[in-house]
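# Secondary and tertiary structure notes
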Amino acid sequence: MHPSALGLLGAALSIALPWPQVWRSCVQRHTTGLSATASWLTFALPIGWITYGLLSGERIQVITNTVTGAAGLAVLVALLVARRELRTGRALAASAGGAMIMLATALGCAAAAALLPGSGRLIADLLGMVLVAASIVSAVPQPLALLRDRTQDLSGLSPLRWRLTAGAAASWLGYGALTGQPAVFLSASAGLAGALVVCYLLATRQAAPVTALDTVEPVRWRETVTTRNLAMAGV
């Protein structure tokens, strides 16, 4: 497939992918299962990629990440509004620290490019290295949260969103490889790995078979209640 076609496919999927989660979190008010750290990074990383796109002349990055950043902000606000414990100073320091570093780095790179005319490409390459590291880090919190607690309620997670994430990451991986952009290729590789883990966990959790205990215990409870009622009736 031609690189431009992969880029357009990646952009289309990236623009589409956040909206199922926006619907679930902002409209249906379901936020359980969402990682606060991942939500903060989902908002901050697009700002880094917008800066990268402006410095490198990659308009497709600017357009795509403007949309995904706005959607990420909407989900983050919905999460913070719904869960008061995430708004404490300690919780914010733990969950938002990485995002704040990412935002400060993007702002610093933009300022440096403004002060040093003609250095945009070089600064974009340096920022790209930071974005690769940040993308790898951002791919970890959500699957890690699901792996650490196998019993948590996942109703706040949109399976469609993560399937689209996997498709978008695969497209950007191919685009980065064919256009010689290591930052895009490596960050997409990390995103694809994280998305596949989440998709697998969501699929296996939803398809988990009913255990014998699940069927036996209600029967035992009904038998106990029936016996007690008969005894009270003098039967």
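Residues numbered from 1 in each chain as written. Predicted model: local features only at pLDDT ≥ 70, side-chain atom pairs only at ≥ 80, totals over all residues. Heavy atoms only, no water.

Named according to an unreviewed UniProt entry, the chain is PQ loop repeat protein originating from Krasilnikovia cinnamomea.

### A closer look at the overall build of the chain
Secondary structure assignment for the chain yields 10 helices and 0 strands. Along the chain, helices and strands appear, N-terminal first, in the series α-α-α-α-α-α-α-α-α-α. Per-residue burial over the chain gives 43% buried out of 235 residues. A total of about 12500 Å² of accessible surface is found on the chain, and carbon and sulfur atoms cover 69% of it. (Helix = DSSP H or I, 4+ residues; strand = E, 2+ residues; numbered from the N terminus. Buried < 20%, exposed > 50% of the residue type's maximum accessible area, 1.4 Å probe, protein only. Areas by Shrake-Rupley, 256 points an atom, 1.4 Å probe, with all protein chains shown as cover.)

### Focus on the UniProt feature "transmembrane region" (unreviewed entry) in the chain
Per the UniProt entry, the sites bearing "transmembrane region" (unreviewed entry) are residues 34-55, 62-82, 94-115, 122-140, 160-178 and 183-203 in this numbering. As annotated, residues 122-140 has a helix share of 89% and a strand share of 0%, and its two end C-alpha atoms lie 28 Å apart. (UniProt positions renumbered as here; feature names shortened; annotations may be inferred.)

### A look at the side chain of T68
Within the element layout of this structure, T68 appears in helix α4 (residues 59-82). The exposure class of T68 is buried, given its relative accessible area of 12%.

### Things to note about the packing of aromatic side chains
Geometrically, a pair of aromatic rings is defined through the distance of the ring centres and the angle of the planes. Under the criterion given, the structure shown has 2 aromatic pairs. A centroid spacing of 5.2 Å and a plane angle of 80° characterise the contact between W49 and Y52, whose relative ring orientation is edge-to-face. Of this pair, W49 and Y52 both sit in helix α3 (residues 36-56), 3 residues apart, which is roughly one turn of that helix. Side by side, W49 and Y52 carry an identical accessibility label, which is buried. Between W172 and Y175, the aromatic rings sit 5.5 Å apart at their centres with planes inclined by 85°, giving edge-to-face as the arrangement. Here the residue W172 and the residue Y175 both occupy positions in helix α8 (residues 159-179), the gap between them amounting to 3 residues, near one helical turn. (Phe/Tyr/Trp six-rings, centres within 6.5 Å; stacked < 30°, edge-to-face > 60°.)

### Quick look at the pattern of salt bridges
If you walk through the whole model with that rule in mind, you get 2 salt bridges. Measuring nitrogen to oxygen at the nearest pair gives 3.2 Å for the salt bridge that ties E85 to R83. Look at R83 and you get partly exposed, because its relative accessible area is 22%. The partner of D125 in a salt bridge is R121, with the nearest N and O atoms 3.1 Å apart. With D125 and R121 both in helix α6 (residues 120-138), this residue pair falls 4 residues apart, about one helical turn. (Salt bridge = Lys/Arg side-chain N within 4 Å of Asp/Glu carboxyl O.)

### Overview of the environment of A71
Secondary-structure assignment places A71 in helix α4. Under the relative-accessibility criterion, A71 is labelled buried at 1%. Taking C-alpha positions, A71 is 6.5 Å from V22, a pair spaced 49 residues apart along the chain. Residue contacts for A71: discarding those within four places in its chain leaves P18, W19 and V22. (Contact = heavy atoms within 4.5 Å.)

### A short note on the packing of α3 against helix α5 (residues 89-115)
A pair of packed helices is captured by two measures, namely the crossing angle of their axes and the spacing between those axes. Packing of α3 against α5 leaves a shortest axis separation of 8 Å and a crossing angle of 5°. Taken together, α3 and α5 sit at an angle that is classed as roughly parallel. Partitioning the contact of α3 with α5 into residue classes produces 19 nonpolar, 5 polar and no charged. (Axes fitted to C-alpha atoms, helices over the stretch in contact; angles between N-to-C directions. Parallel < 35°, antiparallel > 145°, perpendicular 65-115°, else oblique. Nonpolar A, V, L, I, M, F, W, Y, C, P; charged D, E, K, R; others polar.)

### Structural notes on a nonpolar patch on the surface
Where nonpolar side chains cluster on the molecular surface, the patch consists of L73, V77 and V81 and spans about 240 Å² of accessible area. When you line up the elements, V77 lands in helix α4. (Patch = residues over 30% accessible without salt bridge, like charges linked within 9 Å, V, L, I, M, F, W, Y side chains within 5 Å.)

### Topic: α5
Where α5 bends most, the angle comes to about 55°, and this point is A96. Where α5 is concerned, the buried positions are A91, S95, A96, A99, M102, A106, C109 and A113. On its buried face, α5 is in contact with α3 and α6. (Bend = angle between axes of the 7 residues up to and from the residue.)

### Description of unusual backbone geometry
Backbone geometry places R29, a non-glycine residue, at a positive phi of 65°. When you line up the elements, R29 lands in the loop between α2 (18-27) and α3. Overall, the relative accessible area of 64% leaves R29 in the exposed class.

### Observations regarding the confidence of the model for the chain
On average, residues of the chain score 84 in pLDDT, and 87% of them are at 70 or above. Scored below 50 in pLDDT, residues 230-235 makes 1 contact in the model with residues more than four places away or belonging to other chains. (pLDDT = per-residue confidence, 0-100.)

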